[in-house]
Amino acid sequence: MPIQVLADEVASQIAAGEVVERPASVVKELTENALDAGATSIQVTIEDAGKRLIEVADNGSGIPPAEITLAVARHATSKLSQAEELFQIRTLGFRGEALASIASVSDFQISSRRAQDAVGRRLIVQAGRILQNGETGGPSGTVVRVDNLFYNVPARLKFLKSNPTERQQIDGLLSRYALAYPRVRFQVVHDGKTVLQTSGGGDQRAVLAELYGVDLARQLLMVDFAHESSSIHGYISPISLTRSNRREITFFVNGRWVQNVPLTTALLQAYHTYLMVGRYPLAALFLTLPPDEVDVNVHPAKSEVRFRSQDAVFSLVQRAVRRALLSHSPVAGLDLQPSWSQGGHFQSAHGGPRTAGVDWSMAADPLPAIETVPAGSALPEGGRAEFQSSLPVGSMPLLRLLGQIGAAYLVAEGPDGLYLIDQHAAHERVLFEKLANRQAATQSQALLEPVLMRLPPQQMQLMRDGLEALHQIGFDLEEFGQNTLRVRAVPADLAGSDPEWMLRAVVEDFEEDETPLQNQREARIIGRICKRSAVKAGQVLSQQEQRNLLESLEQCTAPRTCPHGRPTMIHLSVGLLERQFGRRGAR
Ligand code: ADP
Ligand code: MG
């Protein structure tokens, strides 16, 4: 075939493919336009998961009558005029192609009236061709109506997922925008039923309650942190509230919902030693950065961003989250409540469980002592909150040691009941904090005889990259001939442990994660070494050792979890004991 310029229609369908992938992408573009227009109320009406109808009505600025045909023209925008402005973007849109793209693959209508105009205008567009351009009345603002999306692109239609999946995409998107813009009133109606309604009152926690239910919203921790000209605010789940996937981790940058792996990584690293493997937090974090620090023009869908200073943003997130977590680390209480697991995304806004998402688990782990309490014994709704609120947050209460049971747990009495302490987890925590807080290499202890360790070349390479971090912790070791390490000293806190054994554990850890970030590496090495070196279950401890362990644990800043996120202690409150013994009826 000879080279030829594509017909306009073909070109715009190709372009549309990048912007409009599915009904949720249409909802996103129209919602963003409404927000850019300064709307304080946005109403979204969906039929048949958006395949039949998507309508977004706003009370924003409206479009001047003379410009309405431009609104649906390709590369026509009121938000940008010069290329330099690309790095000063303060609006969600700027590419001027969303409406044109949507209109080219649907039956499309846009009606708009500015408050100052007596009448507005309405355009009817079919597969990109303007059929009608007339006057219209109606309230001020803009209504875009998209019928029969992709009717003229059958291939695209075939790629759409089932209605529940497409709906979930739409709802997930709108719930996030509702959260990000608490001052905007959102109403979302699916097939005649209101599924999301926010007040626009400006209270983010109220929106969270609307989305996740009051109980859960109440437990979320507030993040509010600023550094230089950047800031971050929002909510994260406490370590006792986790999920099995990352789907409830949301980041907004300058008002835009973004997908950015490093941001998520920063968040997860901040939780790193607190969460079990395979468990994830919930987070809705809103970053405000100087516009020239963010490149939003990465992809037509505008949901990817690049940061000029990736490291600074990374550490902003990490520090903000760490800070929020450290100020609230509750003791793992006995969890007798069923885990939060309701199907579906958010349900009807009126009645029905409000639990959004799936598979919430209130505890990091099924707790070992759960067998000691008959399952199904009545614990009032919210009983868990009672356990937690009865304890001061952030540290652990002073405990009186009673003894050791099963060569695995310490038993202690506290201000409100009984505490069982996992000796291995507790010792891991103690070692972890000692190593993490040590002052440079001062606390090394020389080995009587250096240890030589041979490693396969690929492991040696990994080790080389980790040498610096190991020195920091207090190891004195060096390469000694081909693929051999010579270890001359170990951290004093670990003097009793086999150095080779510890270091092999470290290499294994490196292997699992080829590119650990530098700032994460040290913490991971420490975590791994502590796991290897901590006293094991099955080890009988002397009275003195038990007491030392408890005292050291009390001195930790996060005594309630081991570095891998498991609880170090379980609390059986007096109230719980009373109920279990039938001394007090369930309320
Ligand atoms: P962009 O948002 O990138 O500018 P769009 O194709 O989404 O491109 O919209 C084109 C133009 O139409 C916008 O720049 C804006 O001027 C106008 N417009 C679109 N939707 C609305 C709306 N809901 N309210 C007011 N103006 C709108
Ligand atoms: Mg737009």
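Now for a quick tour of the structure. Being a predicted model, the structure only gives us computed values, none of them experimental. (Residues numbered from 1 in each chain as written. Chains lettered and ligands numbered in written order. Predicted model: local features only at pLDDT ≥ 70, side-chain atom pairs only at ≥ 80, totals over all residues. Heavy atoms only, no water.)

**Some thoughts on the environment of arginine 90**
Test applied: The way it works is that DSSP assigns letters per residue, a run of H or I at least four long becomes a helix, a run of E at least two long becomes a strand, and they are numbered from the N terminus.
When you line up the elements, arginine 90 lands in the loop between helix 3 (68–71) and helix 4 (98–104). Through-space distance from the C-alpha of arginine 90 to that of asparagine 254 is 7.6 Å; in sequence the pair is 164 residues apart.

**Some words on the pairing of strand 9 (residues 221–227)**
To be explicit about the condition: Paired strands, as defined in this entry, are two strands with at least two bridges between them according to DSSP.
In this sheet, strand 10 (residues 230–236) lies alongside strand 9 in antiparallel orientation, the contact comprising seven bridges. Directly across from histidine 227, in strand 10, lies its bridge partner serine 230. Hairpin connection, strand 9 to strand 10: the antiparallel pair is bridged by two residues, and glutamate 228 has positive phi, about 50 degrees.

**Quick notes on the sheet that holds strand 23 (residues 484–491)**
Rules: Between the N-to-C directions of two axes lies an angle of 0 to 180 degrees, each axis being a line fitted to C-alpha atoms and, for a helix, fitted only over the stretch in contact.
Taken in spatial order, the three strands make up an open sheet running 21-23-22, and their pairing is antiparallel. Each edge of the open sheet is held by one strand with a lone partner, namely strand 21 (444–454) and strand 22 (476–479). Across the sheet, the mean angle from the axis of one strand to that of its neighbour is 15 degrees, orientation sign disregarded. Where strand 22 and strand 23 come together, four bridges link them in antiparallel fashion.

**Observations concerning the pattern of salt bridges**
Put simply, the test is: Between Lys or Arg on one side and Asp or Glu on the other, a salt bridge is scored when a side-chain nitrogen of the former is within 4 Å of a carboxyl oxygen of the latter. Only protein chains enter the accessibility calculation, which uses a 1.4 Å probe; a residue is then buried when its area is under 20% of its type maximum, exposed when over 50%, and partly exposed in between.
Applying the stated criterion across every chain yields a total of 21 salt bridges. With a shortest N-O distance of 3.1 Å, arginine 22 and glutamate 166 are connected by a salt bridge. Within this pair, whereas arginine 22 is found in the loop between helix 1 (8–19) and helix 2 (23–36), its partner glutamate 166 is found in helix 6 (residues 163–180), the two being separated by 144 residues in sequence. For arginine 22, a relative accessible area of 17% translates into the label buried. With a shortest N-O distance of 3.1 Å, glutamate 433 and arginine 429 are connected by a salt bridge. Remark: arginine 429 and glutamate 433 occur in helix 12 (residues 423–437); sequence separation between them is four residues, near one turn of the helix. Here the two residues glutamate 433 and arginine 429 agree in accessibility, since each one is buried. A network of salt bridges, in which partner residues are shared, links Glu47, Arg52, Glu55, Arg145 and Asp147.

**Focus: the environment of valine 189**
To keep it simple, the criterion reads: In what follows, a contact means two residues having at least one pair of non-hydrogen atoms within 4.5 Å.
Within the element layout of this structure, valine 189 appears in strand 7 (residues 185–190). Remark: the alpha-carbon pair of valine 189 and isoleucine 46, spanning 143 residues in sequence, is separated by 6.0 Å. If sequence neighbours within four positions are ignored, valine 189 has contacts with Val44, Thr45, Ile46 and Thr194.

**Describing the sheet that holds strand 12 (residues 249–253)**
If you walk across this open sheet you meet the five strands as 9-10-14-12-13, and the pairing is mixed. Taken across any chain shown, the strands that pair with only one partner, and hence form the sheet edges, are strand 9 and strand 13 (256–258). Across this sheet, the average inter-strand angle for adjacent strands is 20 degrees, counted without regard to direction. Sheet analysis places strand 10 next to strand 14 (residues 283–288), joined by six bridges and oriented antiparallel. When the sheet's bridge partners are listed, glycine 234 is paired in strand 14 with leucine 285.

**Points about the side chain of threonine 561**
As for its placement among the helices and strands, threonine 561 is situated in the loop between helix 16 (543–554) and strand 24 (569–572). Judged by its relative accessible area of 6%, threonine 561 falls in the buried class.

**Structural notes on the nonpolar core**
Which entries qualify depends on this criterion: To define a nonpolar core, start from buried Ala, Val, Leu, Ile, Met, Phe, Trp, Tyr and Cys residues and group those joined through side-chain atoms within 4.5 Å.
One finds Leu30, Ile42, Ile54, Phe108, Ile110 and Val146 to be the most contacted residues of the largest nonpolar core, which totals 62 residues. Among the elements that line this core, the one with the most residues is helix 6, at seven residues. Apart from residues no more than four positions distant in its own chain, phenylalanine 108 is found in contact with Val72, Leu99, Ile102, Ala103, Leu123, Ile124, Val125, Val144, Arg145 and Val146. By size, the runner-up hydrophobic cluster in this structure holds 38 residues, among which are Val223, Phe251, Ala270 and Val305.

**Some words on the site of ligand 1**
Inclusion rule: To be near a molecule or strand, a residue needs just one of its heavy atoms within 4 Å of it. Any N or O atom pair separated by 3.5 Å or less is treated as a polar contact, with the protein-specific requirement of one donor-capable and one acceptor-capable atom, and with residues adjacent in sequence counted only for side-chain atom pairs. Residue-level accessible areas treat just the shown protein chains as cover; the underlying method is Shrake-Rupley with a 1.4 Å probe. Here the nonpolar group is Ala, Val, Leu, Ile, Met, Phe, Trp, Tyr, Cys and Pro; Asp, Glu, Lys and Arg are the charged ones; every other residue, Gly included, is treated as polar.
Near ligand 1 you find 19 residues, and of these Asn33, Thr77, Ser78, Lys79 and Gly96 are the closest. Asparagine 33 places a side-chain nitrogen or oxygen 2.8 Å from an oxygen atom of ligand 1. In this structure, glycine 96 approaches ligand 1 through a main-chain N or O atom, which is 2.8 Å from an oxygen atom. Protein contact buries 93% of the 530 Å² of open area that ligand 1 shows by itself. Secondary-structure elements contributing two or more residues to the shell around ligand 1 are helix 2 and helix 4. Class assignment for the residues of the shell around ligand 1 results in eight nonpolar, seven polar and four charged.

**Regarding unusual backbone geometry**
Glycine aside, a negative phi is what most residues show, and trans is what most peptide bonds show. Positive phi is not limited to glycine here, since asparagine 148 has a value of about 50 degrees. Among the structural elements, asparagine 148 can be located in the loop between strand 6 (141–147) and helix 5 (154–159). Here the phi dihedral of asparagine 254 falls at roughly 50 degrees; this positive angle occurs in a residue that is not glycine. Looking at the secondary structure, you find asparagine 254 in the loop between strand 12 and strand 13.

Function-wise, these values are silent; they only describe arrangement.
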